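# Coordinates in review
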Amino acid sequence: MSADLVVSRARADEAPIIANLMQFYIHDFSELWFDREVEGELGPDGRFSDYPLLETYWSDPSREPWLFRLGGLPVGFALVNDVAHSETPVDRAVAEFFVVRKHRRRGVGQAAAHALFGTAWGVWEAAVVRRNIGALAFWRTAAASYPGVRDIVEEDHRDGLWDGAVLRFRVG
Ligand SMILES: CC(C)(COP(=O)(O)OP(=O)(O)OC[C@H]1O[C@@H](n2cnc3c(N)ncnc32)[C@H](O)[C@@H]1OP(=O)(O)O)[C@@H](O)C(=O)NCCC(=O)NCCS
């Protein structure tokens with residue numbers, strides 16, 4: 001992985017960068033939503049709907065927007081909050097996490113995830129929708145390979161809160 005990956009908290013004036021990357025993120029997810037009526041459809045303007053409440057990542061202190069850059073250019077983002085997908089409360093939850101296709105499978109995601117883990121001690125969670133098999137493999141690897149991670153628990157949920165895997169682990 002290139003040593004010049006920079007993971008930084010996104011400033012308010014960088015919100016449009018995340019909004020743009022979010023279009024590609026939703027496009028990736030739309031492939032998993034082939035059997036859904038509305039989700040994953042483009043609007044008449046050729047864009048996906050804006051991500052709900054994105055602006056709260058700059059107003060609510062429990063929410064953090066992160067940008068990943070290589071050579072100064074955006075290659076991904078993460079939205080981190082404290083909203084658990086199971087009954088077990090967590091300190092930090094990865095709500096959204098994305099690496100652009102050109103730079104995948106080169107360790108960018110793992111290095112970015114490790115940089116995020118380094119920002120907060122406590123119980124972290126990554127929830128992965130059932131059909132996102134590659135992402136589940138990614139989070140298993142990213143959590144297990146971080147030296148400060150322990151107590152990894154993986155649960156399979158199919159309830160009102162979540163349909164898929166919930167990975168929890170302690171950092172620090
Ligand atoms: C999931 C995602 C963030 C991975 O980013 P990445 O930069 O490609 O991940 P890395 O290169 O750091 O992968 C590290 C390891 O995770 C595992 N992994 C990553 N992507 C995988 C995939 N699609 N299938 C299986 N294993 C995968 C592999 O073990 C990989 O190591 P290897 O390439 O040496 O085999 C990226 O594919 C993505 O943005 N996907 C679309 C959005 C998404 O699903 N986000 C996660 C929401 S929970």
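Description of the structure in this document. Keep in mind it's a predicted model, so treat the numbers as computed, not measured.

Moving on to the environment of F77. Assignment of secondary structure puts F77 in strand β3 (residues 73-81). For the pair F77 and V99, spaced 22 residues apart in sequence, the C-alpha separation works out to 6.9 Å. Those residues in contact with F77, other than ones at most four positions away along the chain, are I18, L21, P65, W66, L67, F68 and F98.

Lining the immediate environment of the ligand, one finds 20 residues, of which R104, G109, Q110, G134 and A137 sit closest. Mapped onto the shell around the ligand, the elements with two or more residues apiece are α1 (15-30), β4 (92-99), α2 (108-117), β5 (122-129) and α3 (133-144). Top contributing element to the shell around the ligand by residue count: α3, with 5 residues. When its residues are assigned to classes, the shell around the ligand shows 10 nonpolar, 6 polar and 4 charged.

This part covers the nonpolar core. Proteins that are soluble and globular tend to have nonpolar side chains buried together. Residues W66, F68, F77, A78, V80, L116 and W139 are the most contacted members of the largest nonpolar core, which totals 43 residues. Of all the secondary-structure elements, those providing two or more residues to this core are α1, β2 (64-70), β3, β4, α2, β5, α3 and β7 (163-171). The element best represented in this core is β4, accounting for 6 residues. Leave out the neighbours within four places in its chain, and V80 touches E64, W66, R92, A93, V94, A95 and L116.

What counts and how
The written sequence of each chain sets the order in which its residues are numbered from 1. Residue-level local features of this predicted model are given only where pLDDT is at least 70; pairs of side-chain atoms are given and counted only at 80 or more, and the full residue set underlies all totals for whole chains, interfaces and linings. Helix and strand assignments come from DSSP, with helices taken as H or I runs of at least 4 residues and strands as E runs of at least 2, each series counted from the N terminus. With C-beta atoms placed from the backbone, a contact is any residue pair whose C-beta atoms sit within 7 Å. As used in this record, a residue near a molecule or strand is one whose C-beta atom, placed from the backbone, is within 6 Å of it. Side-chain classes are defined by residue name, with Ala, Val, Leu, Ile, Met, Phe, Trp, Tyr, Cys and Pro counting as nonpolar, Asp, Glu, Lys and Arg as charged, and the others, Gly among them, as polar. By convention the nonpolar core is taken to be a set of buried residues drawn from Ala, Val, Leu, Ile, Met, Phe, Trp, Tyr and Cys and joined through C-beta atoms within 7 Å. Exposure classification rests on a simple neighbour count of other C-beta atoms within 10 Å of a residue's own: a residue reaching 20 or more is buried, one at 12 or fewer is exposed, and one in between is partly exposed. C-beta atoms are placed from the backbone.

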